[in-house]
Amino acid sequence: MPYSYQVRSSEQYQEAYKKSVVDPEGFWAAVAENFYWHKKWDKVLDWNFTEPKIEWFSGARLNITENCIDRHLATMADQPAIIWEPNNPDERTRTVTYASLHKRVCQFAQVLKNNGVKKGDRVCIYMGMVPELAYAILGCARIGAVHSVIFGGFSAQSIADRLEDAKAEFIVTCDGAYRGGKDIPLKSVIDDALIGNKTVKRVIVYTRTRTPVSMIKGRDVWWEDEMEFAETQIEKDGVVSFPAEEMDAEDPLFILYTSGSTGKPKGVVHSVAGYMVWANYTFVNVFQYRQGQIHFCTADIGWITGHSYIVYGPLSAGATSLMFEGVPTYPDAGRFWDIVDKHKVNILYTAPTAIRSLMGFGTAPLAGKDLSSLQILGTVGEPINEEAWHWYDENVGKKKCPVVDTWWQTETGGILISNLAGVTPSKPTYATLPLPGVQPVLVDENGAIIEGNNVSGNLCIKFPWPGILRTTYGDHERCRLNYFSTYKNLYFTGDGCLRDEAGNYRITGRVDDVLNVSGHRIGTAEVENAINMHTGVVESAVVGYPHDIKGQGIYAYVIYNGHHEDESLRRADIAQTVARVIGAIAKPDKIQFVTGLPKTRSGKIMRRILRKIAEGETANLGDTTTLLDPGVVEEIKNGKL
Ligand code: WTA
């Protein structure tokens, strides 16, 4: 498939960018012509950021799975859609061609139908990184059910909250998942999440680890049995079919929960057509995808990066997407390089935290690995430091692969700011330039737009792009308050940013109370709520601090009034509590016990001071005269871990 909308030179980028600003509707209509629609749109764009109301391609009818699978069958039926690399390198690799992906997705859509799932129903997916996870997602999309994937590191409590928020009646899970040296008992976590739940009617369980699981009659069914039965229904005379549900452009495709500055994660909702166009357009342009290339995105499908750049982006472009079950350091720190060598990977897309952790092992794990297939490298998820950028460029890319630093968010659906591989220049630590359709602005605290170059401020976007979130599930007002009310008529990203003399953007990190730990977004309020659930905890305050590998670590100040003198045991109990409430990913790295927190006279915790102390800055704490009890600061400084 030729990509008429792939920009191939700096000049073409300038041209495309200009057109996308001057005539956004014409620009995106031309891009959208490249997809398969049952009916084309009546109107390209209808929007305001006050409600907000954002509609792209309204009136159009389509199914995203026909764009990701069916339309490739005529020419690429035997091309691998997914190459799956297991956690254990001795286990067999699986290759799923577009023809077999089509069959499995049809089969699973039939399974969902047989189990009573209908268009619009929410299906929660809690699985490890196995191809069946992709079948589950695409099976939902095929029948028009709304998938809500939950990362395997979240606790039963987190799942229970999300099930309730999404009013989900169906779950797809695995008995367990392999990750490095661990077996994670997913079904058992689901069982805990379902204690007291009255809405979930069906749990479909795929066998991966053959961990013993409880199976409740009338509720739990095995994936394998269901698939076998469905096969007889979808296949007639060797022809496989399951009619794709005709969706409205603005029907929801999925919900993905993400942390914000309040205690409760919000369900970001993306709709079918705009998300599809955006995931595809950004994949084809940022990575400069060429037919036949093998794309390896190391993210987990539990996060947005996996949704957009393992599943929907690559598959909609007819690419081969490599899906890896395990972790970069198992069985050793050469695993990524083994995979690149074994599968002749062309595009490698990973996170700065992974690069930093591998850097720590030096270059020995790279020795003897043939990385010559690599053509393009990418990073995502957090700011990349100069050292990691160069290490990646020199040791992995051997200085001949363009490195794309891609900035975006769960809410944006796909990449918004990035250089285009080999087409527009890179600049270490800079995401560089906005993609066509993206109009970034920097604003000061008062919301005034900061013009010119060599400036910094809060990053906002002033015009909708097709992949922007549409709402937060079940609570549109929350969406408005979170993203569209801080600055009038602007989408607020929550990120701080600077713009250099040439107009390149560099994202400097969150300006709200959200941490980015190993590329995972975690709200400080969420962690505080979890810590406060521990019986001995009176109050807590959580801030981030620079961490060599994770980017940011979690630093908790805790007022404790309970049993157990032994501080290390107390810390372990608190960490355990957080793991129970949120998941192991949110465990604090450091817990300092204090007798008071710096508060203003009105009772507000002055996090600025706590952040500075956690960062190791003790001399220049700024104005502390407004504190109720300035003495508490001394104590905290002296007790710093
Ligand atoms: C951060 C992940 C700097 C940023 C796709 C954003 C980045 C948050 C970059 C979104 C980057 C993501 N440079 N910071 N290239 N990419 N971020 O929703 O703070 O998990 O707001 O989406 O990650 O995280 P999320």
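Residues numbered from 1 in each chain as written. Predicted model: local features only at pLDDT ≥ 70, side-chain atom pairs only at ≥ 80, totals over all residues. Heavy atoms only, no water.

1. Quick look at the overall build of the protein
Within the protein one finds 19 helices and 33 strands. For the protein, whose C-alpha radius of gyration is 24 Å, the value lies close to the compact-globule estimate of 26 Å for 641 residues. When the backbone C-alpha atoms are referred to their principal axes, the protein occupies close to 80 × 60 × 55 Å. Every one of the 641 residues in the protein was classed for burial, and the buried ones make up 60%. Relative to all contacts within the protein whose residues are 6 or more apart in sequence, the contacts with residues 24 or more apart total 71%. Taken as a whole, the protein presents about 23900 Å² of accessible surface, with 50% of it coming from carbon and sulfur. (Helix = DSSP H or I, 4+ residues; strand = E, 2+ residues; numbered from the N terminus. Rg over C-alpha atoms; globule rule 2.2 N^0.38 Å. Buried < 20%, exposed > 50% of the residue type's maximum accessible area, 1.4 Å probe, protein only. Contact = heavy atoms within 4.5 Å. Areas by Shrake-Rupley, 256 points an atom, 1.4 Å probe, with all protein chains shown as cover.)

2. With respect to the site of the ligand
If you check the shell around the ligand, you find 17 residues, and the closest are Asp405, Thr406, Thr410, Asp495 and Arg521. A distance of 3.4 Å separates a nitrogen atom of the ligand from a polar backbone atom of Pro383. Gln409 is positioned such that a nitrogen or oxygen atom in its side chain is 2.9 Å from an oxygen atom of the ligand. Listing elements by their share of the shell around the ligand, those giving two or more residues are α11 (304–316), β22 (403–406) and β28 (505–510). (Near = heavy atom within 4 Å. Polar contact = N/O pair within 3.5 Å; in protein donor to acceptor, adjacent residues only side chain to side chain.)

3. Notes on the packing of helix α7 (residues 156–166) against helix α8 (residues 186–193)
At a minimum axis distance of 8 Å, the contact between α7 and α8 shows a crossing angle of 60°. Between α7 and α8, the crossing angle belongs to the class labelled oblique. Taken as a pair, α7 and α8 cross one another with a handedness that is right-handed. Packed against α7, whose contacting residues are Ala156, Ile159 and Ala160, the element α8 presents Val189, Ile190, Asp192 and Ala193 at the interface. Classifying every residue of the contact of α7 with α8 by side-chain character gives six nonpolar, no polar and one charged. (Axes fitted to C-alpha atoms, helices over the stretch in contact; angles between N-to-C directions. Parallel < 35°, antiparallel > 145°, perpendicular 65-115°, else oblique. Left-handed = near helix turned anticlockwise from the far one by under 90°. Nonpolar A, V, L, I, M, F, W, Y, C, P; charged D, E, K, R; others polar.)

4. Some points on the domain arrangement of the protein
When the domains of the protein are assigned, the result is domain 1 (107–245) and domain 2 (514–638). On a C-alpha basis, the centroid separation for the pair domain 1 and domain 2 is 37 Å. Listed per partner, the contact involves six residues of domain 1 and seven residues of domain 2. Our count for the domain 1 to domain 2 interface comes out at five residue pairs in polar contact (both at pLDDT 80 or more). In the side of domain 1 that touches domain 2, the residues fall into two nonpolar, four polar and no charged. (Domains from an automatic or database assignment.)

5. As for the side chain of His307
Its location among the elements puts His307 in helix α11. Excluding residues that lie within four positions of it along the chain, His307 makes contacts with His147, Val149, Phe254, Leu256, Tyr275, Ile301 and Tyr312.

6. Quick word on helix α6 (residues 131–143)
An ideal rise of 1.5 Å per residue puts 18 Å on 13 residues; α6 measures up with 19 Å between its terminal C-alpha atoms. In terms of burial, α6 is largely enclosed, as 13 of its 13 residues are buried. (Expected span 1.5 Å × (residues − 1).)

7. Some thoughts on the pattern of salt bridges
Oppositely charged side chains may form a pair once their charged atoms are brought near each other. Applying the stated criterion to the full structure yields 37 salt bridges. The partner of Arg94 in a salt bridge is Glu132, with the nearest N and O atoms 2.7 Å apart. In this pair, Arg94 is assigned in strand β5 (residues 94–97) and Glu132 in helix α6, connecting sequence segments 38 residues apart. Assessed through its relative accessible area of 22%, Arg94 is described here as partly exposed. For the salt bridge of Lys187 with Asp191, the shortest nitrogen-to-oxygen distance reads 2.6 Å. One end of the pair is Lys187 and the other is Asp191, both in helix α8 and four residues apart, which spans about a single turn. You can call Lys187 buried: its relative accessible area is 0%. (Salt bridge = Lys/Arg side-chain N within 4 Å of Asp/Glu carboxyl O.)

8. A closer look at the nonpolar core
Phe57 and Tyr312 are the most contacted members of the largest nonpolar core, which has 170 residues in total. Among the elements that line this core, the one with the most residues is helix α10 (residues 272–286), at eleven residues. When residues of this core are sorted by domain, at least three fall in each of domain 1 (107–245) and domain 2 (514–638). Counting residues in each nonpolar core, the second largest holds 28 residues, with Phe296, Val340, Leu371 and Cys401 among its members. (Core = buried A, V, L, I, M, F, W, Y, C linked by side-chain atoms within 4.5 Å.)

9. So, the packing of aromatic side chains
Any pair of aromatic rings gets described here by the distance separating the centres and the angle formed by the planes. For the structure shown, the criterion picks out 43 aromatic pairs. Measuring from ring centre to ring centre gives 5.5 Å for Tyr206 and Trp223, while their planes differ by 75°; the resulting arrangement is edge-to-face. Here the residue Tyr206 occupies a position in strand β11 (residues 202–206), and Trp223 occupies one in helix α9 (residues 223–234), the gap between them amounting to 17 residues. Taken as a pair, Tyr206 and Trp223 share a single burial class, namely buried. Taking the centre distance of 6.4 Å and the plane angle of 25° together, the rings of Trp278 and Tyr281 count as stacked. Of this pair, Trp278 and Tyr281 both sit in helix α10, separated by three residues, roughly a single helical turn. For the pair Trp278 and Tyr281, a shared accessibility class is recorded, and that class is buried. (Phe/Tyr/Trp six-rings, centres within 6.5 Å; stacked < 30°, edge-to-face > 60°.)

10. Section: helix α1 (residues 10–22)
With 13 residues, α1 should reach 18 Å at 1.5 Å per residue; the first-to-last C-alpha distance of 18 Å fits that figure. Of all the positions in α1, only Tyr13, Ala16, Tyr17 and Ser20 are classed as buried. End-on, the buried residues of α1 take up no more than an arc of 100°, which puts them together on one face. The exposed residues of α1 that point more than 90 degrees off its buried face are Glu11, Glu15, Lys18 and Val22. Against the buried residues of α1 lie α2 (24–32) and β23 (440–443). (Arc of directions from axis to C-beta.)

11. Focus on the pairing of strand β27 (residues 491–499)
Counted residue by residue, β27 has eight buried out of nine residues, so it is predominantly covered. Pairing between strand β25 (residues 455–461) and β27: six bridges, direction antiparallel. Across the sheet, residue Gly457 finds its bridge partner in β27, namely Cys497. (Pairing = 2+ DSSP bridges.)

12. Observations regarding unusual backbone geometry
Cis rather than trans, the peptide bond between Glu51 and Pro52 has omega equal to -5°. Omega for the peptide link from Tyr330 to Pro331 comes to -5°, which places this bond in the cis form. Following the sequence through the fold, Pro331 ends up in the loop between β19 (320–324) and α12 (335–343). Although it is not a glycine, Asp237 adopts a positive phi angle of roughly 50°.

13. Here we look at the packing of helix α5 (residues 98–114) against α9
At a closest axis distance of 8 Å, the pairing of α5 and α9 adopts a crossing angle of 105°. Taken together, the axis directions place α5 and α9 in an arrangement best described as roughly perpendicular. Judged by residue contacts, Lys103, Arg104, Cys106, Gln107, Phe108, Gln110, Val111 and Asn114 of α5 engage Trp223, Glu226, Met227, Phe229, Ala230, Glu231, Gln233 and Ile234 from α9. Per-class residue counts for the contact of α5 with α9 are eight nonpolar, four polar and four charged.

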